[in-house]
Amino acid sequence: KLIMTALLAMIVAATMGAAEKVYKLQSPSGDINVVISTGAQTTWSIDRCGIRVLEPSPLSRTLEDGTVFGQDVKVKKAVTQTVNDLVIPAVYRQSQVMDSYSELTLRCKGYSIIFRAYDDDAAYRFVADQKAPFTVMNEQAAFNLGRDAKGFVPYTRKRDNTLECQFFTSFESTYTATPVS
């Protein structure tokens, strides 16, 4: 009985280290909802106006020394904030731009993951605590659309008949809706 109890305690302790935790972030208007899950693997999903546009998709970053941000995550602190800043761009067609978003910072050992939810977009980034230079060897940024969604591509038609030339554009071309597959 004592051995079984000790074994059960070790199993519970081992699984608690990578226990999944879920965080939610909503854009200022409420149109964008981001769900972040941490534990063995960090994933995020995005809903826009109640429609799932990104199924849970894994995120991680591997450094040259083997450190992996985004796996076996133990969040030390979660901090949220709402930002409404007026930005005055040096060169842009508008003299002022509103920068409004909700932000969630997950502070982990040695790094943070920052998620932002804008009214029309969502983003993330990894931020290392270390000041010394380091090399990123790999980044996992999967985008699980969950279905064969359509992408909008501004193909250009030039004399050169290569695939690459189709993407050299000022983004003023006609956009083609095409399945992502």
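This report concerns the structure included in the present document. (Residues numbered from 1 in each chain as written. Predicted model: local features only at pLDDT ≥ 70, side-chain atom pairs only at ≥ 80, totals over all residues. Heavy atoms only, no water.)

**Some details on the environment of Gln-96**
Worth spelling out the cut-off: Comment: elements are numbered from the N terminus, with helices defined as DSSP H or I runs of at least four residues and strands as E runs of at least two. Type-normalised accessible area, obtained with a 1.4 Å probe on protein chains alone, sets the label of each residue: buried when under 20%, exposed when over 50%, and partly exposed for intermediate values. Contacts: residue pairs with any heavy atoms within 4.5 Å of one another.
The topology assignment puts Gln-96 in the loop between β6 (77–87) and β7 (97–108). The exposure class of Gln-96 is partly exposed, given its relative accessible area of 43%. Along the sequence, Gln-96 and Leu-86 sit 10 residues apart, while their C-alpha atoms lie 6.6 Å from each other. Discounting residues that sit within four places of it in the chain, Gln-96 has contacts with Leu-86, Val-87 and Pro-89.

**Some remarks on the side chain of Ser-27**
Within the secondary structure layout, Ser-27 lies in the loop between β1 (21–26) and β2 (32–38). The contact partners of Ser-27, leaving out residues within four places of it in the chain, are Ile-32, Ser-102, Ala-117, Tyr-118 and Asp-119.

**Side note on the sheet that holds strand β9 (residues 122–128)**
Note the following rule: At least two bridges found by DSSP between two strands is the condition for calling them paired. In this analysis, axes come from line fits to C-alpha atoms, helices being fitted only over the stretch in contact, and the angle between any two N-to-C directions falls in the range 0 to 180 degrees.
Across the sheet, which stays open at both edges, the four strands sit in the order β6-β7-β8-β9 with antiparallel pairing between neighbours. Strand pairing shows two members of the sheet lacking a second neighbour, β6 and β9, which therefore form its edges. Sheet twist, expressed as the average angle between the axes of neighbouring strands with direction ignored, equals 20°. Pairing analysis gives 11 bridges linking β6 to β7, with the strands arranged antiparallel.

**A look at the pairing of strand β4 (residues 51–63)**
One ladder, built from six bridges, connects strand β3 (residues 42–48) with β4; its direction is antiparallel. Within β4, the position partnered with Arg-48 by the bridge is Ile-51. In this antiparallel pair of consecutive strands, β3 and β4, the connection spans two residues, and Cys-49 shows a positive phi of 55°. Bridge analysis of β4 against strand β5 (residues 68–69) gives two bridges, and the strand direction is antiparallel. Across the sheet, residue Thr-62 finds its bridge partner in β5, namely Val-68. Between the end of β4 and the start of β5, which pair antiparallel, lie four residues, with Gly-66 showing a positive phi angle near 95°.

**Concerning the packing of aromatic side chains**
This is how the line gets drawn: Pairs were defined over the aromatic rings of Phe, Tyr and Trp, the Trp ring being its six-membered one, requiring ring centres within 6.5 Å. Orientation was assigned from the angle between planes: stacked under 30 degrees, edge-to-face over 60, tilted for the rest.
Taken as a whole and assessed by the stated rule, the structure comprises eight aromatic pairs. Pairing Trp-44 with Phe-115 gives two aromatic rings, centres 6.0 Å apart and planes at 45°, and the pair type is tilted. With Trp-44 in strand β3 and Phe-115 in strand β8 (residues 111–117), this residue pair connects regions lying 71 residues apart in the sequence. Across this residue pair, the class does not change: Trp-44 and Phe-115 are buried.

**Overview of the pattern of salt bridges**
Spelled out, the test is: For this document, the term salt bridge refers to a Lys or Arg side-chain nitrogen within 4 Å of an Asp or Glu carboxyl oxygen.
Summed over the entire model, instances satisfying the criterion amount to four salt bridges. Arg-52 is the salt-bridge partner of Asp-47, the closest N and O atoms lying 2.5 Å from each other. Arg-116 is the salt-bridge partner of Glu-103, the closest N and O atoms lying 2.7 Å from each other. Taken together, the residues Glu-103 in strand β7 and Arg-116 in strand β8 connect sequence positions 13 residues apart. Look at the salt bridges and you will find they share partners, linking Asp-47, Arg-52 and Glu-55 into a network.

**Thoughts on the pairing of strand β11 (residues 150–153)**
Side-chain positions along a regular strand alternate between the two faces of the sheet. With burial as the criterion, only one face of β11 is covered, namely that bearing Gly-151 and Val-153; the residues Lys-150 and Phe-152 on the opposite face remain uncovered. Sheet topology note: the β11/strand β12 (residues 176–179) ladder contains four bridges and is antiparallel. Bridge pairing links Gly-151 to Thr-178 in β12.

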